[in-house]
Amino acid sequence: NSLAAAMSNLGMYRKRAGDLAGSEAARVEAAALYQSLYQADPNNSAYERALSANQLALAQLKNERGDGAEATRYLALALEHARRLTSADSISPHLQYLLGDILMSDAEFKSARKEPELAAASLNEAIAVYERLLTANATDARSRAMLSICYSDLGTQLKSQGKYDEALRAISKAAATIEP
(Lines give C-alpha, C1' and ligand atoms only; values in the text may rest on other atoms or scores of the structure.)
Protein backbone atom coordinates (compact mmCIF):
# COMPACT_ATOMS: atom_id res chain seq x y z
CA ASN A 1 0.00 0.00 0.00
CA SER A 2 2.83 2.44 0.79
CA LEU A 3 4.52 1.79 -2.55
CA ALA A 4 1.24 2.25 -4.43
CA ALA A 5 0.60 5.54 -2.62
CA ALA A 6 4.15 6.70 -3.29
CA MET A 7 3.81 5.93 -7.01
CA SER A 8 0.50 7.77 -7.12
CA ASN A 9 2.07 10.82 -5.46
CA LEU A 10 5.05 10.62 -7.81
CA GLY A 11 2.63 10.67 -10.74
CA MET A 12 0.93 13.75 -9.34
CA TYR A 13 4.24 15.57 -8.79
CA ARG A 14 5.58 14.66 -12.23
CA LYS A 15 2.44 16.04 -13.84
CA ARG A 16 2.83 19.29 -11.90
CA ALA A 17 6.39 19.46 -13.21
CA GLY A 18 5.14 19.04 -16.79
CA ASP A 19 6.46 15.49 -17.20
CA LEU A 20 3.33 13.82 -18.61
CA ALA A 21 5.16 10.67 -19.72
CA GLY A 22 6.76 10.25 -16.29
CA SER A 23 3.45 10.97 -14.60
CA GLU A 24 1.71 8.38 -16.74
CA ALA A 25 4.35 5.75 -16.00
CA ALA A 26 4.05 6.33 -12.25
CA ARG A 27 0.23 6.29 -12.39
CA VAL A 28 0.21 3.05 -14.42
CA GLU A 29 2.42 1.46 -11.77
CA ALA A 30 0.24 2.81 -8.95
CA ALA A 31 -2.93 1.54 -10.65
CA ALA A 32 -1.36 -1.90 -11.14
CA LEU A 33 -0.35 -2.05 -7.49
CA TYR A 34 -3.79 -0.92 -6.29
CA GLN A 35 -5.41 -3.42 -8.65
CA SER A 36 -3.35 -6.21 -7.06
CA LEU A 37 -4.20 -5.00 -3.56
CA TYR A 38 -7.90 -4.75 -4.45
CA GLN A 39 -7.94 -8.23 -5.99
CA ALA A 40 -6.28 -9.64 -2.87
CA ASP A 41 -8.78 -7.87 -0.59
CA PRO A 42 -11.93 -6.93 -2.56
CA ASN A 43 -13.72 -5.83 0.63
CA ASN A 44 -11.17 -3.08 1.26
CA SER A 45 -12.88 0.01 -0.14
CA ALA A 46 -9.76 2.13 0.38
CA TYR A 47 -7.91 0.09 -2.25
CA GLU A 48 -10.80 0.33 -4.69
CA ARG A 49 -11.12 4.08 -4.12
CA ALA A 50 -7.40 4.61 -4.73
CA LEU A 51 -7.59 2.40 -7.82
CA SER A 52 -10.51 4.43 -9.18
CA ALA A 53 -8.74 7.74 -8.46
CA ASN A 54 -5.62 6.54 -10.28
CA GLN A 55 -7.69 5.35 -13.22
CA LEU A 56 -9.30 8.79 -13.39
CA ALA A 57 -5.85 10.42 -13.35
CA LEU A 58 -4.72 8.05 -16.10
CA ALA A 59 -7.81 8.88 -18.17
CA GLN A 60 -7.02 12.57 -17.89
CA LEU A 61 -3.35 12.02 -18.75
CA LYS A 62 -4.20 9.84 -21.74
CA ASN A 63 -6.64 12.48 -22.92
CA GLU A 64 -4.02 15.23 -22.58
CA ARG A 65 -1.58 13.10 -24.56
CA GLY A 66 -4.13 12.57 -27.34
CA ASP A 67 -4.99 8.92 -26.71
CA GLY A 68 -8.77 9.14 -26.63
CA ALA A 69 -9.39 5.39 -26.74
CA GLU A 70 -7.23 4.70 -23.70
CA ALA A 71 -8.63 7.75 -21.91
CA THR A 72 -12.14 6.40 -22.45
CA ARG A 73 -11.12 2.92 -21.28
CA TYR A 74 -9.57 4.19 -18.05
CA LEU A 75 -12.51 6.48 -17.42
CA ALA A 76 -14.96 3.58 -17.82
CA LEU A 77 -12.95 1.52 -15.32
CA ALA A 78 -12.84 4.41 -12.84
CA LEU A 79 -16.57 4.98 -13.22
CA GLU A 80 -17.35 1.30 -12.66
CA HIS A 81 -15.40 1.29 -9.40
CA ALA A 82 -16.86 4.62 -8.22
CA ARG A 83 -20.41 3.43 -8.89
CA ARG A 84 -19.78 0.23 -6.95
CA LEU A 85 -18.26 2.16 -4.05
CA THR A 86 -21.05 4.73 -3.85
CA SER A 87 -23.73 2.05 -4.07
CA ALA A 88 -22.17 0.39 -1.01
CA ASP A 89 -21.63 3.69 0.85
CA SER A 90 -23.94 6.43 -0.36
CA ILE A 91 -23.06 8.93 2.38
CA SER A 92 -19.27 9.17 2.12
CA PRO A 93 -18.41 12.64 0.79
CA HIS A 94 -15.03 11.38 -0.48
CA LEU A 95 -16.68 8.70 -2.59
CA GLN A 96 -19.35 11.10 -3.82
CA TYR A 97 -16.67 13.63 -4.85
CA LEU A 98 -14.82 10.89 -6.71
CA LEU A 99 -17.98 9.89 -8.58
CA GLY A 100 -18.81 13.51 -9.38
CA ASP A 101 -15.28 14.22 -10.65
CA ILE A 102 -15.37 11.13 -12.86
CA LEU A 103 -18.77 12.07 -14.27
CA MET A 104 -17.53 15.58 -15.07
CA SER A 105 -14.52 14.14 -16.90
CA ASP A 106 -16.86 11.76 -18.72
CA ALA A 107 -18.99 14.74 -19.83
CA GLU A 108 -15.86 16.59 -20.97
CA PHE A 109 -14.68 13.62 -23.05
CA LYS A 110 -18.14 13.16 -24.61
CA SER A 111 -18.39 16.85 -25.39
CA ALA A 112 -15.01 16.72 -27.16
CA ARG A 113 -16.31 13.80 -29.23
CA LYS A 114 -19.34 15.92 -30.22
CA GLU A 115 -21.79 13.81 -28.21
CA PRO A 116 -23.80 16.57 -26.46
CA GLU A 117 -26.71 14.32 -25.43
CA LEU A 118 -24.36 11.87 -23.71
CA ALA A 119 -22.37 14.72 -22.17
CA ALA A 120 -25.61 16.22 -20.83
CA ALA A 121 -26.59 12.86 -19.31
CA SER A 122 -23.25 12.64 -17.46
CA LEU A 123 -23.63 16.23 -16.28
CA ASN A 124 -27.15 15.56 -15.01
CA GLU A 125 -25.81 12.62 -13.02
CA ALA A 126 -22.96 14.77 -11.64
CA ILE A 127 -25.51 17.45 -10.72
CA ALA A 128 -27.43 14.86 -8.69
CA VAL A 129 -24.20 13.90 -6.88
CA TYR A 130 -23.27 17.48 -6.00
CA GLU A 131 -26.86 18.31 -4.97
CA ARG A 132 -26.78 15.36 -2.54
CA LEU A 133 -23.50 16.62 -1.12
CA LEU A 134 -24.88 20.14 -0.76
CA THR A 135 -28.04 18.85 0.89
CA ALA A 136 -25.89 17.01 3.43
CA ASN A 137 -23.70 20.07 4.03
CA ALA A 138 -25.07 23.43 2.85
CA THR A 139 -21.75 25.18 3.60
CA ASP A 140 -19.70 22.86 1.35
CA ALA A 141 -18.00 25.37 -0.94
CA ARG A 142 -16.48 22.69 -3.20
CA SER A 143 -19.85 21.06 -3.88
CA ARG A 144 -21.42 24.46 -4.52
CA ALA A 145 -18.69 25.41 -7.00
CA MET A 146 -18.79 22.04 -8.78
CA LEU A 147 -22.57 22.17 -8.99
CA SER A 148 -22.39 25.62 -10.57
CA ILE A 149 -19.82 24.39 -13.10
CA CYS A 150 -22.02 21.38 -13.92
CA TYR A 151 -25.04 23.61 -14.56
CA SER A 152 -22.96 25.95 -16.70
CA ASP A 153 -21.55 23.07 -18.74
CA LEU A 154 -25.03 21.58 -19.05
CA GLY A 155 -26.23 24.90 -20.45
CA THR A 156 -23.50 24.74 -23.07
CA GLN A 157 -24.48 21.18 -24.04
CA LEU A 158 -28.17 22.06 -24.25
CA LYS A 159 -27.41 25.15 -26.35
CA SER A 160 -25.44 23.00 -28.81
CA GLN A 161 -28.55 20.83 -29.16
CA GLY A 162 -30.72 23.87 -29.90
CA LYS A 163 -32.53 23.59 -26.56
CA TYR A 164 -32.25 27.28 -25.76
CA ASP A 165 -34.91 27.53 -23.05
CA GLU A 166 -33.42 24.58 -21.15
CA ALA A 167 -29.93 26.02 -21.64
CA LEU A 168 -31.03 29.34 -20.19
CA ARG A 169 -32.56 27.59 -17.15
CA ALA A 170 -29.32 25.66 -16.60
CA ILE A 171 -27.20 28.82 -16.84
CA SER A 172 -29.56 30.57 -14.42
CA LYS A 173 -29.16 27.70 -11.97
CA ALA A 174 -25.36 27.98 -12.35
CA ALA A 175 -25.50 31.61 -11.33
CA ALA A 176 -27.97 30.99 -8.49
CA THR A 177 -25.97 28.05 -7.15
CA ILE A 178 -22.77 29.99 -6.66
CA GLU A 179 -24.41 32.12 -3.96
CA PRO A 180 -25.26 30.29 -0.72
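An account of the accompanying structure is given in this report. (Residues numbered from 1 in each chain as written. Predicted model: local features only at pLDDT ≥ 70, side-chain atom pairs only at ≥ 80, totals over all residues. Heavy atoms only, no water.)

1. Some details on the layout of surface pockets
- Quantified by volume, the largest pocket comes out at close to 400 Å³.
- Lining the largest pocket we find 19 residues, and of these Arg27, Ala53, Leu56, Leu98 and Asp101 sit closest to its centre.
- Of all the secondary structure elements, the ones that give two or more residues to the lining of the largest pocket are helix H1 (2-16), helix H2 (20-40), helix H3 (45-64) and helix H5 (93-112).
- Considering every element that reaches the lining of the largest pocket, the biggest residue donor is H3, with 8 residues.
- When grouped by side-chain class, the residues that make up the lining of the largest pocket number 9 nonpolar, 4 polar and 6 charged. (1 Å grid on protein atoms, 1.4 Å probe; cavity = no way out; pocket = protein on both sides within 12 Å on 5 of 7 lines; lining within 4 Å. Points joined across faces, edges and corners; volume = space filled by probe spheres on them. Helix = DSSP H or I, 4+ residues; strand = E, 2+ residues; numbered from the N terminus. Nonpolar A, V, L, I, M, F, W, Y, C, P; charged D, E, K, R; others polar.)

2. What about the environment of Ala170?
- Summarising the element assignment, Ala170 is placed in helix H8 (residues 164-178).
- Note on Ala170: relative accessible area 4%, which makes it buried.
- Setting aside its immediate chain neighbours within four residues, Ala170 contacts Tyr151, Leu154, Gly155 and Leu158. (Buried < 20%, exposed > 50% of the residue type's maximum accessible area, 1.4 Å probe, protein only. Contact = heavy atoms within 4.5 Å.)

3. Points about H5
- Taking 1.5 Å per residue, 20 residues should reach 28 Å; H5 reaches 28 Å between its end C-alpha atoms and fits that length.
- Where burial is concerned, most of H5 is hidden: 14 out of the 20 residues are buried.
- Directly after H5, the chain includes Lys114, whose backbone phi takes a positive value near 60 degrees. (Expected span 1.5 Å × (residues − 1).)

4. Re the nonpolar core
- In terms of nonpolar packing, the biggest core is built from 42 residues, with Ile102, Tyr130, Cys150 and Leu154 touching the most fellow members.
- When contributions to this core are tallied by element, the ones reaching two or more residues are H2, H3, helix H4 (68-88), H5, helix H6 (116-136), helix H7 (141-160) and H8.
- Residue contributions to this core peak at 9 residues, all from H6.
- Ignoring anything within four residues of it in the chain, the contact list for Tyr130 reads Tyr97, Gly100, Asp101, Met104, Ser143, Met146, Leu147 and Cys150. (Core = buried A, V, L, I, M, F, W, Y, C linked by side-chain atoms within 4.5 Å.)

5. Examining the side chain of His81
- Mapped onto the elements, His81 comes out in helix H4.
- Owing to a relative accessible area of 6%, His81 belongs among the buried residues under this scheme.
- With sequence-adjacent residues up to four places away left out, His81 is seen in contact with Tyr38, Glu48, Leu51, Ser52 and Gln55.

6. A closer look at the packing of H7 against H8
- As a packed pair, H7 and H8 sit with axes 8 Å apart at the nearest point and diverge in direction by 165 degrees. Classified by the interaxial angle, the pair formed by H7 and H8 is roughly antiparallel. The crossing of H7 and H8 is left-handed. Facing Arg144, Ala145, Leu147, Ser148, Tyr151, Ser152, Leu154, Gly155, Leu158 and Lys159 of H7, the residues of H8 in contact are Tyr164, Glu166, Ala167, Ala170, Ile171, Lys173, Ala174, Thr177 and Ile178.
- Looking at the contact of H7 with H8 residue by residue, the class counts come to 11 nonpolar, 4 polar and 4 charged. (Axes fitted to C-alpha atoms, helices over the stretch in contact; angles between N-to-C directions. Parallel < 35°, antiparallel > 145°, perpendicular 65-115°, else oblique. Left-handed = near helix turned anticlockwise from the far one by under 90°.)

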